[in-house]
Amino acid sequence: AQSVTQPDIHITVSEGASLELRCNYSYGATPYLFWYVQSPGQGLQLLLKYFSGDTLVQGIKGFEAEFKRSQSSFNLRKPSVHWSDAAEYFCAVDNILTGGGNKLTFGTGTQLKVEL
Amino acid sequence: DAGVTQSPTHLIKTRGQQVTLRCSPKSGHDTVSWYQQALGQGPQFIFQYYEEEERQRGNFPDRFSGHQFPNYSSELNVNALLLGDSALYLCASSSRTGIETQYFGPGTRLLVL
């Protein structure tokens, strides 16, 4: 069964510092990978996605992620963090189901705190 | 362009009661998925609806059921509520045309007392 691991439960960075959030997946086929962000009490907003092609994908709000098949990783990065980036970040893999349809399997999330 | 909408935003129920949550998908989308997000956890897939039928189901008991209407909107019903059903319930919509991104609504926060 597919799974997603986000090894860092909490991360604290200073405003203006760089950020990397780790994500490792276990999936038998070519994965479709996503990063979502969730502000307190809110739903999930899509940051970026990887389906195929260029392994470095750009997203909204200055985020990017790199797919590394050899390491089964899809880490999220941002060169300079803003205080408004404080939120919870979820990595997810899309499981294309044999009977049709698809479902997302999420990691447990990484809570980002930004120090001013 | 309206995104995914859900109602109500918050709900308080007692054990044993039944609850219905509603979702309207993003314009142009025909597939609706429901997820349960317990506190401090990632969302867990409940089921997915397309063409008014349940297409796939996650590891949830039969107390969880749903419906999709001809206009693609959807309902999630939970019977015989347990304390452990307290969670944020998220609806996501997508298009059936291929590998499509799921867009999420703001969720319904359910508290079972």
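Above: the structure in question.
Asker: In this structure, what is going on with the state of the cysteines? I would like to understand it.
Answerer: Where two cysteines share a covalent bond between their sulfur atoms, that bond is called a disulfide. Summed over all chains, the structure comprises 2 disulfides over all chains. Here C23(A) connects covalently by a disulfide to C91(A), the sulfurs 2.0 Å from one another. Between C23(A) and C91(A), the disulfide has an S-S torsion of -65° and is therefore left-handed. Here C23(A), found in the loop between β3 (19-21) and β4 (24-26), pairs with C91(A), found in strand β10 (residues 87-96); they are 68 residues apart in sequence, far enough to count as distant. Exposure class is identical for C23(A) and C91(A). Each is buried. Paired by a disulfide, C23(B) and C91(B) hold their sulfur atoms 1.8 Å apart. Measuring handedness by torsion sign, the sulfur bridge of C23(B) and C91(B) sits at about -60° and is left-handed. Taken as a pair, C23(B) in strand β3 (residues 19-24) and C91(B) in strand β9 (residues 87-94) lie far apart in primary sequence, 68 residues in all.

Asker: Help me understand the pairing of strand β8 (residues 74-78) of chain B, please; the structure alone is not making it clear to me.
Answerer: Every regular strand shows the same layout, with side chains that alternate between the two sheet faces. Residues and elements named next belong to chain B. By the criterion of burial, β8 is predominantly enclosed, with 5 of the 5 residues buried. Because side chains alternate across β8, one face comprises the buried residues S74, L76 and V78, and the other comprises E75 and N77, equally buried. Relative to β8, β3 runs antiparallel, the two being bridged by 5 bridges. Across the sheet, L21 pairs through a bridge with L76, a residue of β8. The sheet contact formed by strand β7 (residues 64-68) and β8 spans 5 bridges and is antiparallel. Its bridge partner lying in β8, G66 is registered against L76.

Asker: Hey, could you run me through the environment of L113(B) in this one?
Answerer: Residues and elements named next belong to chain B. Tracing the chain through its elements places L113 in the segment after β11 (108-112). Spatially, the C-alpha atoms of L113 and G40 are 19 Å apart, while their sequence positions differ by 73 residues. Discounting chain neighbours no more than four positions away, the residues touching L113 are I12, K13, T14, R15 and L83.

Asker: What is the right way to read the packing of aromatic side chains from this model?
Answerer: Each aromatic ring pair is specified by the distance between its two centres and by the angle formed by the two planes. Under the defined criterion, the tally for this structure stands at 16 aromatic pairs over all chains. Centre to centre, the rings of Y32(A) and F51(A) are 5.4 Å apart; their planes meet at 80°, and the pair counts as edge-to-face. Here F51(A) lies in the loop between β6 (45-50) and β7 (56-58) and Y32(A) lies in strand β5 (residues 32-38), a separation of 19 residues in the sequence. By relative accessible area, which is 21% here, F51(A) ends up partly exposed. For the ring pair F106(A) and Y35(B), a centre distance of 5.9 Å and an interplane angle of 90° mean the geometry is edge-to-face. Of this pair, F106(A) sits in strand β11 (residues 102-106) while Y35(B) sits in strand β4 (residues 31-37), on two different chains. For the pair F106(A) and Y35(B), one class covers both residues: buried. Three or more aromatic residues joined by ring pairs form one cluster here, namely Y32(A), F34(A), Y36(A), F51(A), F90(A), F106(A), Y35(B), F45(B) and F104(B). A cation over a ring is seen here: K26(B) above Y103(B), with NZ or CZ 5.4 Å from the ring centre.

Asker: What is the right way to read the interface of chain A and chain B from this model?
Answerer: The figure often quoted for interface size is the accessible area lost as the parts come together. Contacts between the two partners involve 24 residues from chain A and, on the opposite side, 19 residues from chain B. Counting each side, the surface lost to burial between chain A and chain B is near 1,800 Å², with a carbon and sulfur contribution of 55%. On the chain A side of the interface with chain B, the three residues burying the most area are L44(A), N102(A) and F106(A), jointly 24% of the side's total. For the pair chain A and chain B, the interface holds 5 residue pairs in polar contact (both at pLDDT 80 or more). Only β5, β6, β10 and β11 of chain A provide two or more residues apiece to the side of chain A that touches chain B. For the side of chain A that touches chain B, the per-class residue count stands at 11 nonpolar, 10 polar and 3 charged.

The rules we used
Residues numbered from 1 in each chain as written. Chains lettered and ligands numbered in written order. Predicted model: local features only at pLDDT ≥ 70, side-chain atom pairs only at ≥ 80, totals over all residues. Heavy atoms only, no water. Disulfide = S-S within 2.5 Å. Helix = DSSP H or I, 4+ residues; strand = E, 2+ residues; numbered from the N terminus. Buried < 20%, exposed > 50% of the residue type's maximum accessible area, 1.4 Å probe, protein only. Pairing = 2+ DSSP bridges. Contact = heavy atoms within 4.5 Å. Phe/Tyr/Trp six-rings, centres within 6.5 Å; stacked < 30°, edge-to-face > 60°. Lys NZ or Arg CZ within 6 Å of the ring centre and 35° of its normal. Buried area = accessible area lost by both parts, 1.4 Å probe. Polar contact = N/O pair within 3.5 Å; in protein donor to acceptor, adjacent residues only side chain to side chain. Nonpolar A, V, L, I, M, F, W, Y, C, P; charged D, E, K, R; others polar.

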